[in-house]
Amino acid sequence: MPINVLTHPLIQHKLTILRDKDTGVKVFREVVGEIAMLMCYEATRSLPLEDIEIITPIAAATSKTVSGKKLALVPILRAGLGMVDGLLNLIPSAKVAHIGIYRDPDTLEPVEYYCKLPPDIMERDCFVLDPMLATGGTAAAACQYLKEAGARSIKLLTILSAPPGVEKMQQEHPDVEVYTCAIDSILNEHGYIVPGLGDAGDRIFGTK
Ligand code: URA
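For clarity, every value in this text was computed on a predicted model and none was experimentally measured.

Reading the values: the criteria
- Residues numbered from 1 in each chain as written.
- Predicted model: local features only at pLDDT ≥ 70, side-chain atom pairs only at ≥ 80, totals over all residues.
- Heavy atoms only, no water.
- Salt bridge = Lys/Arg side-chain N within 4 Å of Asp/Glu carboxyl O.
- Helix = DSSP H or I, 4+ residues; strand = E, 2+ residues; numbered from the N terminus.
- Contact = heavy atoms within 4.5 Å.
- Near = heavy atom within 4 Å.
- Polar contact = N/O pair within 3.5 Å; in protein donor to acceptor, adjacent residues only side chain to side chain.
- Areas by Shrake-Rupley, 256 points an atom, 1.4 Å probe, with all protein chains shown as cover.
- 1 Å grid on protein atoms, 1.4 Å probe; cavity = no way out; pocket = protein on both sides within 12 Å on 5 of 7 lines; lining within 4 Å.
- Sits in = over half its atoms within 2 Å of the grid points.
- Nonpolar A, V, L, I, M, F, W, Y, C, P; charged D, E, K, R; others polar.
- Expected span 1.5 Å × (residues − 1).
- Buried < 20%, exposed > 50% of the residue type's maximum accessible area, 1.4 Å probe, protein only.
- Core = buried A, V, L, I, M, F, W, Y, C linked by side-chain atoms within 4.5 Å.

(A) Spotlight on the pattern of salt bridges. Applying the stated criterion across every chain, the model contains 15 salt bridges. When salt bridges with common partners are traced through the structure, they connect Lys70, Asp120, Glu123 and Arg124 into a single cluster.

(B) Main features of the side chain of Glu177. By the secondary structure assignment, Glu177 is in strand β11 (residues 177-183). Once residues within four sequence positions are removed from consideration, Glu177 is found in contact with Met1, Pro2, Asn4, Ile154, Lys155 and Leu156.

(C) How the structure looks around the site of the ligand. Taken together, the neighbourhood of the ligand is formed by Arg103, Met132, Ala134, Gly191, Tyr192, Ile193, Gly198, Asp199 and Ala200. In the environment of the ligand, a nitrogen atom lies 2.8 Å from a nitrogen or oxygen atom belonging to the backbone of Gly198. Take Ala200: an N or O atom from its main chain is 2.8 Å from an oxygen atom of the ligand. Relative to its free-state accessible area of 240 Å², the ligand is covered by the protein chains to the extent of 89%. If you map the ligand onto the pockets, it falls in the largest pocket. Considering only residue class, the shell around the ligand consists of five nonpolar, two polar and two charged.

(D) Highlighting the environment of Pro2. Mapped onto the elements, Pro2 comes out in the segment before β1 (3-5). It is 8.6 Å that separates the C-alpha atoms of Pro2 and Pro174, two residues lying 172 residues apart in sequence. The residues contacting Pro2, other than those within four sequence positions of it, are Glu177 and Val178.

(E) Focus on helix α4 (residues 137-149). For α4, with 13 residues, the first-to-last C-alpha span of 18 Å sits near the 18 Å given by 1.5 Å per residue. Among the residues of α4, those classed as buried are Gly137, Thr138, Ala139, Ala140, Ala142, Cys143 and Leu146. Positive backbone phi, at 100°, marks Gly150, one or two positions downstream of α4.

(F) How the structure looks around the nonpolar core. Membership of the largest hydrophobic core comes to 35 residues, with the highest contact counts inside it found for Met39, Met83, Leu87, Phe127, Leu157 and Ile159. The set of elements that each furnish at least two residues to this core consists of α1 (9-19), α2 (25-43), β4 (71-77), α3 (81-90), β8 (125-129), β10 (153-161), β11 and α6 (200-205). Sort the elements by how many residues they give to this core and α2 lands first, with eight residues. Beyond its immediate chain neighbours, meaning those up to four positions away, Ile159 contacts Leu15, Leu18, Val32, Ile35, Met39, Met83, Asp130, Pro131, Thr180, Cys181 and Ala182. Ala97, Ile101, Leu133 and Val176 belong to the second largest nonpolar core, which has 23 residues in total.

(G) Spotlight on the environment of Leu10. Note on placement: Leu10 falls in helix α1. For Leu10, a relative accessible area of 45% corresponds to the partly exposed category. Sequence separation of Leu10 and Leu38 is 28 residues, and the distance between their C-alpha atoms is 8.5 Å.

Put into structure tokens, the structure is as follows:
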């Protein structure tokens with residue numbers, strides 16, 4: 001599955017705002033939501049359409065509607081929460097599942113601590129949301145969890161990626177389509193993406 005790097009000028013412009021260390025919490029949070037909305041537009045390109053009959057103020061017409069696709073947004077706690085509203089603006093009927101996984105700061109391995117999925121997850125296409133794809137451990141663990149729960153198909157929406165995360169997803173979940181706005185060059189010794197944008201969760205929630 002190819003990785004989709006979203007090069008739209010608006011996305012790239014907004015990504016620069018996120019990268020800037022002088023961008024404050026309020027603007028950072030708003031721009032994460034805006035980028036998530038633009039990513040949603042790209043990630044839903046292949047949604048199937050069907051014709052329905054409607055009546056406009058002028059005449060009867062045959063027009064398109066999204067054909068009964070059931071979606072679940074799956075933010076990985078906590079930074080993924082920052083992307084949810086942006087997608088819900090465009091897909092208000094989507095269910096929101098939550099997966100709590102954090103990276104152990106010493107081992108950098110994923111540790112799962114909370115999961116709440118809709119009961120009909122096996123009938124849903126899932127959009128996993130995590131702003132940062134660094135080592136890929138968390139995203140890969142979340143995808144594995146969703147597959148074991150029976151999710152129909154999975155896409156990963158991540159604002160910024162690094163090569164190790166991209167490689168891990170391609171090795172462990174080649175069927176998961178990844179959407180990202182940029183692939184930076186390296187991770188530092190703490191597992192942060194360089195140049196990156198810092199700790200996405202701290203910048204969204206103002207905890208640092
Ligand atoms: N998570 C973050 O929030 N930032 C990084 O650079 C890597 C992982």
